Every structure is written in structure tokens, then in C-alpha cells.
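Notes for the structure review
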Amino acid sequence: MFSLTPVVRVLLIINVLVFLVTNESIIEQFGLHSFLSDKFNPIQLLTHMFLHSGFNHIFSNMIGLVIFGPLLEQFWGPKRFTFFYFFTGLGAAFLFSGINYFEMHDVYETIQAYRANPGYDSFLALVDQHAGSYYDRLVPFIEKFKEFPGDSKNIQDSVAIVNRIFTNQVDEPMVGASGAIFGVIMGYGLLFPNTQLFLLFPPIPVKAKYLVIFYGAFELYSGVYRAQADNVAHFAHIGGMLFAFILVKYWGSQRKTFY
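In this text, all values refer to a predicted model and were calculated from it rather than measured experimentally.

Calculation notes
Counting of residues starts from 1 at the beginning of each chain's written sequence and follows it residue by residue. Totals for whole chains, interfaces and linings use every residue, but because this is a predicted model, local features are given only for residues with pLDDT of at least 70 and side-chain atom pairs only at 80 or more, for both listing and counting. Hydrogens are left out, water is left out, and the side-chain values use all remaining heavy atoms of the structure. Helix and strand assignments come from DSSP, with helices taken as H or I runs of at least 4 residues and strands as E runs of at least 2, each series counted from the N terminus. Three labels apply to residues, based on accessible area from a 1.4 Å probe with only protein chains included: buried if under 20% of the type maximum, exposed if over 50%, partly exposed otherwise in between. For the purposes of these results, a polar contact is taken to be a pair of N or O atoms within 3.5 Å, where, inside protein, one atom must be able to donate a hydrogen and its partner to accept one; residues adjacent in sequence count only when each atom of the pair is a side-chain atom. Per-residue confidence from the predictor is given as pLDDT, running between 0 and 100. What counts as a salt bridge is simple: a side-chain nitrogen of Lys or Arg found within 4 Å of a carboxyl oxygen of Asp or Glu. Should any heavy atoms of two residues lie within 4.5 Å, those residues are counted as being in contact.

With respect to the side chain of N100
By the element assignment, N100 lies in helix α5 (residues 78-116). Judged by its relative accessible area of 14%, N100 is buried. Polar contacts involving the side chain of N100 include one to the side chain of S34, which spans 2.9 Å.

What follows is the structure, encoded as C-alpha cells:
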């Protein structure tokens, strides 16, 4: 049975209550949108941390919170743990948003170039480079455009499609406490590296430091090689771990004996 500390308990209750009332409208308003989106609001940097897209999403995050959070709160105290949680969550949001801005700005520049000089070959190249997941849905139009590349209606439709591709991507909100949870996992691994944890899949014991290394390597690989089909914000996870590492090391440098 989990022994919940005060801050962990409050975070758990808030996340569950918010999840029970969450709908598409709330996610659209309070999920974290790209800096390039008209729907972006600075408050989303905080509110997205309390929204989840489904039961499995919130369950996995809250399990991480109640397993790894209490010991950190006991070690640091409620105030420092609270600061750590939100510092890593906001750090994750900023790293994710920064990378998203870089990627989406590249898409935006490509689309601007296409608007200035539309055509079949450049349309196909744009879809292949920036919207591969849309390809199957666009096959009928691509075939029509290929047959009549100079048709003004096809050219106008192609411009409308690339505009919609950009809007769909830039307006997709990111939600979840995962950035902060991965920060908590990193903090746990740094402070209690040799603690034995018993995994469920596979059912073997593993030291906390090795679990952190595995998570970090997996998220970095998934982010760099763009595992987008899983719809997971890998760079938010990396951001949470990175900012946790920075903060723990900074706090550690302020004391002669930290562990």
C-alpha cells in the first residue's frame, strides 16, 4: 500500500478531479499549443500539466507520482518538492515548445515557399517531408493532381491542403503531467541510485539508476528518430529529466553532504 505524502496526495487528487471533468473543449483551451498557434496562451504552460488524454495516460503518470514522489517529498520537504515538481514540469514544457517551434517554423517556411510557387512535384515533396501521416488520405487528390498538374482548381486545392496541414499540426495540443513525472523519476534515480525497484514487465529487480538511464536513452532515441506514430511528447519527457538533473545537481552543490 502506498504511503502518500501531503503534496503528492494533493497533486493526485487534483489530477484525478480534473480528469473526471475533462472534455475536448477543455483540452483545446488549456492544453499546451505551439507558440506559432493562434490558440497559444501562456497559462497553458501550467494547465497542460493537469490534463490527460485518457485513462491509461493518467494512470501511468499517477502511478509514477505515487511510487517515486513520496520519498522525494520526505527527503526535501513539501515546499522544495513542490518547487521541484513544477520546475521540471515547466522545463519540460519549454523544451518541448522550443523544439516544436523550430520544427513548425521549418514547416511554415516550406509552406510559404509552396504558396509562392505551387506545383505537383513540390506538393508531393512537401507531403513526403512534413506530412507523411496524411499521405493515404491524400492519394485520390495526388493522383488527380498528377494527371492535371496545370489545372488551376487543383493548384488552389493543393494550397488549401498545405495550409490545413500546417494548421492541424500547429494547433495540436500537448497534455499531461509526464514531464514532471519524468523529472520525479530522474530525481529519485539521482538521490537513491542503488535502491532496488521490482519491475512488472519483466518481473525482475533493477537499481533506480539503471531505470533512469534506460528511460533517458529510450526517450532520447524516440525523440531524435521522431517516433511520432505513438503520439507521445518524447522531448517533454527529456525536458523533465534534464531540468531535474540540473536542479538536483545545483541543490547538491549548495551542501557539503547531499545524499
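Observations regarding the confidence of the model for the protein
Residues at a pLDDT of 70 or more form 87% of the protein, whose mean pLDDT is 86. Highest mean pLDDT in the protein belongs to helix α1 (residues 6-21) (97); lowest belongs to helix α10 (residues 208-224) (66).

What about the pattern of salt bridges?
This structure, assessed with the given rule, holds two salt bridges. With a shortest N-O distance of 2.4 Å, K39 and E28 are connected by a salt bridge. Note that K39 is positioned in the loop between α2 (24-30) and α3 (44-47) and E28 in helix α2, a separation of eleven residues in sequence. Under the relative-accessibility criterion, E28 is labelled partly exposed at 30%. We note a salt bridge from K153 to D157, for which the minimum N-O separation is 2.8 Å. Placement of the pair is K153 and D157 together in helix α8 (residues 152-170), with a separation of four residues, close to one helical turn.

Re the environment of S37
Structurally, S37 is set in the loop between α2 and α3. A relative accessible area of 7% places S37 in the buried class. Along the chain, S37 and V170 lie 133 residues apart, while their C-alpha atoms are 5.6 Å from each other. The residues contacting S37, other than those within four sequence positions of it, are V170 and D171. A polar side-chain atom of S37 sits 3.0 Å from the main-chain amide nitrogen of K39. At a separation of 2.5 Å, a polar atom in the side chain of S37 contacts the side chain of D171.

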